[in-house]
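# Geometric and topological summary
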Amino acid sequence: MKYLCQVWFETAKISAISAEDGEKLTRDSIINDDRLRDSGHLLVALALREPSTAMTVRVRNDAVTTTDGPFAEIKEHLGGFVLIEAKDMEEATDIAATFPVARYGSIEVRPAYSIKEEC
């Protein structure tokens, strides 16, 4: 079964880490990703740029509007996501607990499915 692991950072905490700690976090994350990929659990892992680089898109009454950056002031932000394969939620949460980025925020784990296959 597939699980989406959303990486939520405490914005102030992740912004305050030193360059050295940031580099270590990146190295540790690459090592962990490689280990999970080799074991067949990791399907996709992507980091996201800072919220200030985002665009919000809305469609209302066929009118498209876009807004720069985050829509609201936030204390946490989505920093990335990891799609994994696991036999059940227990294994999925065990895998998520190995993510080095969990030291700087939280990992939300949700079962994922294809809407095409659900029809």
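Residues numbered from 1 in each chain as written. Predicted model: local features only at pLDDT ≥ 70, side-chain atom pairs only at ≥ 80, totals over all residues. Heavy atoms only, no water.

### Structural notes on the sheet that holds strand E2 (residues 42–47)
Pairing between sheet strands relies on hydrogen bonds along the backbone, with the strands arranged either parallel or antiparallel. Pairing in this open sheet of 4 strands is antiparallel, and the strands run E2-E5-E1-E6 from one edge to the other. With partners counted over all chains shown, the strands left at the sheet margins are E2 and strand E6 (105–112), one partner each. Direction aside, neighbouring strands of the sheet carry axes that sit 20 degrees apart on average. With 8 bridges joining them, strand E1 (residues 2–10) and E6 adopt antiparallel strand pairing. The residue of E6 that forms the bridge with Tyr-3 is Pro-111. Contacts from helix H3 (residues 89–96) reach E1, strand E5 (76–85) and E6, with the element oriented near 150 degrees to E6. (Pairing = 2+ DSSP bridges. Helix = DSSP H or I, 4+ residues; strand = E, 2+ residues; numbered from the N terminus. Axes fitted to C-alpha atoms, helices over the stretch in contact; angles between N-to-C directions. Contact = heavy atoms within 4.5 Å.)

### Quick look at a nonpolar patch on the surface
Taken together, the side chains of Leu-43, Val-44 and Leu-46 present a nonpolar region at the surface, about 230 Å² in accessible area. Structurally, the position occupied by Leu-43 is in strand E2. The class for Leu-43 is partly exposed, based on a relative accessible area of 40%. (Patch = residues over 30% accessible without salt bridge, like charges linked within 9 Å, V, L, I, M, F, W, Y side chains within 5 Å. Areas by Shrake-Rupley, 256 points an atom, 1.4 Å probe, with all protein chains shown as cover. Salt bridge = Lys/Arg side-chain N within 4 Å of Asp/Glu carboxyl O. Buried < 20%, exposed > 50% of the residue type's maximum accessible area, 1.4 Å probe, protein only.)

### Some details on helix H2 (residues 19–38)
Its 20 residues give H2 an end-to-end C-alpha distance of 29 Å, which sits within 8% of 28 Å, the value for a rise of 1.5 Å per residue. For H2, the set of buried residues is Gly-22, Leu-25, Ser-29, Asn-32 and Leu-36. For H2, the angular spread of buried residues about the axis comes to 95 degrees, placing them on one side. Exposed and facing more than 90 degrees away from the buried side of H2 are Ala-19, Glu-20, Ile-31 and Asp-38. Among the structural elements, helix H1 (11–15), E2 and H3 are those in contact with the buried residues of H2. Phi turns positive one or two residues past the end of H2, at Gly-40, with a value near 90 degrees. (Expected span 1.5 Å × (residues − 1). Arc of directions from axis to C-beta.)

### Here's the deal with unusual backbone geometry
Excluding glycine, residues mostly carry a negative phi; peptide bonds, for their part, are mostly trans. In this model, Asn-61 sits at a positive phi of 50 degrees, which is unusual for a non-glycine residue. Within the secondary structure, Asn-61 sits in the loop between strand E3 (55–60) and strand E4 (63–68). The exposure class of Asn-61 is exposed, given its relative accessible area of 79%. Phi at Asp-62 is positive, roughly 65 degrees, even though this residue is not glycine. Relative to the assigned elements, Asp-62 resides in the loop between E3 and E4.

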